[in-house]
Protein chains: 2
Amino acid sequence: MKSDRKSQIIQTAAKLFREHGYNSVSMRDLADKLGIKAASLYNHIKSKEEILAEIIMDLAFDFTKHIDAVEQKEISIIDKLKEIIQMHVQTTIYKTDSLACMNKEWKHLGEEKQEIFLELRGKYEAKFLQMIKRGIEKGELDMKNAEITVFSILSTLRTLYHWYSNQSVIKEQELINTLQHNLLFGIVAVETAHKINLK
Amino acid sequence: MKSDRKSQIIQTAAKLFREHGYNSVSMRDLADKLGIKAASLYNHIKSKEEILAEIIMDLAFDFTKHIDAVEQKEISIIDKLKEIIQMHVQTTIYKTDSLACMNKEWKHLGEEKQEIFLELRGKYEAKFLQMIKRGIEKGELDMKNAEITVFSILSTLRTLYHWYSNQSVIKEQELINTLQHNLLFGIVAVETAHKINLK
DNA sequence: GTCTATAACGCGATAGAC
DNA sequence: GTCTATCGCGTTATAGAC
């Protein structure tokens, strides 16, 4: 297992990478934050890139495991989507820095790691799309273009950390409820929607 | 006005910055792409950072001007939101690289430029929020939390370029229509929404 | 306006003393 | 496990010839 020191390095790095970007954070910056010299870092990690890979890959596998579990459940598509939204919100709250690194810095992974990451990400999106399409078949959902919907929902969930870090007061459950409602049911008042007769 | 060569440098830089990130693109890379030597760039631009500033600030002012114009119009809030969505989609399509730079690389602007950018961005979000709140007052809109709604819609619109660049077939108008519908009216089928009785 | 040459500096990573 | 010292390389930017 990881030594405590290694985890500490990775967590500190995640925070710095998130704030300033992978390329803008030097090993000297990271060492300073930890109160040691840059050379000492190499007793715990092999390279700067290894740090990034540990941050990102762990989280990428978490997402994969979660959507696989949700896929298996025997509940409505809407409830499946709600569970996925909830998982993204919780990851945003409890693993903010790692999530930001994953979304912003994956291009700086080495070739092999990047390939694995993109495969995981692609499969995640494909499973999400399948869920949406199944929802349309079952009559639970209704939209013009399932692909755009997948992108639209995921882009909100993926960048939630941008916005969340500026908020101090909002409660986890309120955030989950509001996003579930907005993303699934929209924001236009029912009576207005009827009048417009678009739906 | 800008010399043709300068515009060419800025456009090429925008594309490279978007693809590899500001820090990962060296002046040599940029010069190579233009078929000259790195030193020659400095006959046209003062610094690497100046290039980034030109890319970003122009676009930031475009967005500000647009929302100001929409604000003045005497149309419904829903129509105002539709116009804003349309403007974001068109910027995504016709100024893809600059938009990507603005969203991903603004942290690498110098201190003063960054301050101006953040002020413009903050005011844009404030105006968007005011529109949403006015929509609720007028009974056109209905949601739990206007702030989350602003974030949610803007995050979809701001990251649209991620997804759009992988698509070759979708037509501009279809993209505009689908996003307007999803973001405003949601994706759940009307009958299902009634059954769930959440709305 | 482009070139060659180079200054001045910061980077990731290593060697070896303690 | 942390330190000092340093290597080798890449970076932005400038000086001056053509």
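Everything below is about the structure shown above.
Every value quoted in this text rests on a predicted model; they were computed, and no experiment measured them.

Draft legend 1. Looking closely at the relation of the copies chain A and chain B. Each copy superposes on the other: chain A lies on chain B with an RMSD of 0.1 Å after a rotation of 180° and an axial shift of 0.0 Å. Such a combination of turn and shift is consistent with a two-fold rotation axis. Every residue of chain A has its C-alpha some distance from the rotation axis, and the shortest such distance is that of G186 of chain A, at 1.8 Å.

Draft legend 2. Structural detail: the protein's contact with DNA strand D. Residues in contact with DNA strand D amount to 15 residues; listed here are only the nearest, K37, N43 and H44 of chain A together with R28 and Y42 of chain B. Each atom of DNA strand D within 4 Å of the protein belongs either to a base or to sugar and phosphate, the latter forming 51%. A distance of 2.8 Å is found between a phosphate oxygen of DNA strand D and a side-chain nitrogen or oxygen belonging to H44 of chain A. Every element with two or more residues in the surface near DNA strand D is listed here: α3 (38-41) of chain A together with α2 (27-34) of chain B. Its residues placed into classes, the surface near DNA strand D shows six nonpolar, five polar and four charged.

Draft legend 3. Up close: the pattern of salt bridges. Applying the stated criterion across every chain yields a total of 28 salt bridges over all chains. Taking the shortest distance from any N to any O, the salt bridge between K133 of chain A and E147 of chain A comes out at 3.6 Å. Placement of K133 of chain A in helix α7 (residues 111-137) and of E147 of chain A in helix α8 (residues 146-158) is noted, with a sequence separation of 14 residues between them. For K133 of chain A, a relative accessible area of 33% gives the class partly exposed. Across the pair K95 of chain B and D62 of chain B runs a salt bridge, and its minimum N-O distance is 2.9 Å.

Draft legend 4. Just the interface of chain A and chain B, in detail. Contacts between the two partners involve 50 residues from chain A, matched on the other side by 49 residues from chain B. A buried area of about 4,400 Å², summed over both sides, lies between chain A and chain B, and 63% of it is on carbon and sulfur atoms. Taken together, the links from chain A to chain B amount to 28 residue pairs in polar contact (both at pLDDT 80 or more). Breaking the side of chain A that touches chain B down by element, the ones donating at least two residues are α1 (4-20), α5 (77-94), α8, α9 (160-164), α10 (172-185) and α11 (190-196) of chain A. The element that contributes the greatest number of residues to the side of chain A that touches chain B is α10 of chain A, accounting for 10 residues. Partitioning the side of chain A that touches chain B into residue classes produces 22 nonpolar, 18 polar and 10 charged.

What counts as what
- Residues numbered from 1 in each chain as written.
- Chains lettered and ligands numbered in written order.
- Predicted model: local features only at pLDDT ≥ 70, side-chain atom pairs only at ≥ 80, totals over all residues.
- Heavy atoms only, no water.
- Least-squares fit on C-alpha atoms with pLDDT ≥ 70 in both.
- Near = heavy atom within 4 Å.
- Polar contact = N/O pair within 3.5 Å; in protein donor to acceptor, adjacent residues only side chain to side chain.
- Helix = DSSP H or I, 4+ residues; strand = E, 2+ residues; numbered from the N terminus.
- Nonpolar A, V, L, I, M, F, W, Y, C, P; charged D, E, K, R; others polar.
- Salt bridge = Lys/Arg side-chain N within 4 Å of Asp/Glu carboxyl O.
- Buried < 20%, exposed > 50% of the residue type's maximum accessible area, 1.4 Å probe, protein only.
- Contact = heavy atoms within 4.5 Å.
- Buried area = accessible area lost by both parts, 1.4 Å probe.

Everything listed here is a matter of geometry and, on its own, says nothing about what the molecule does.
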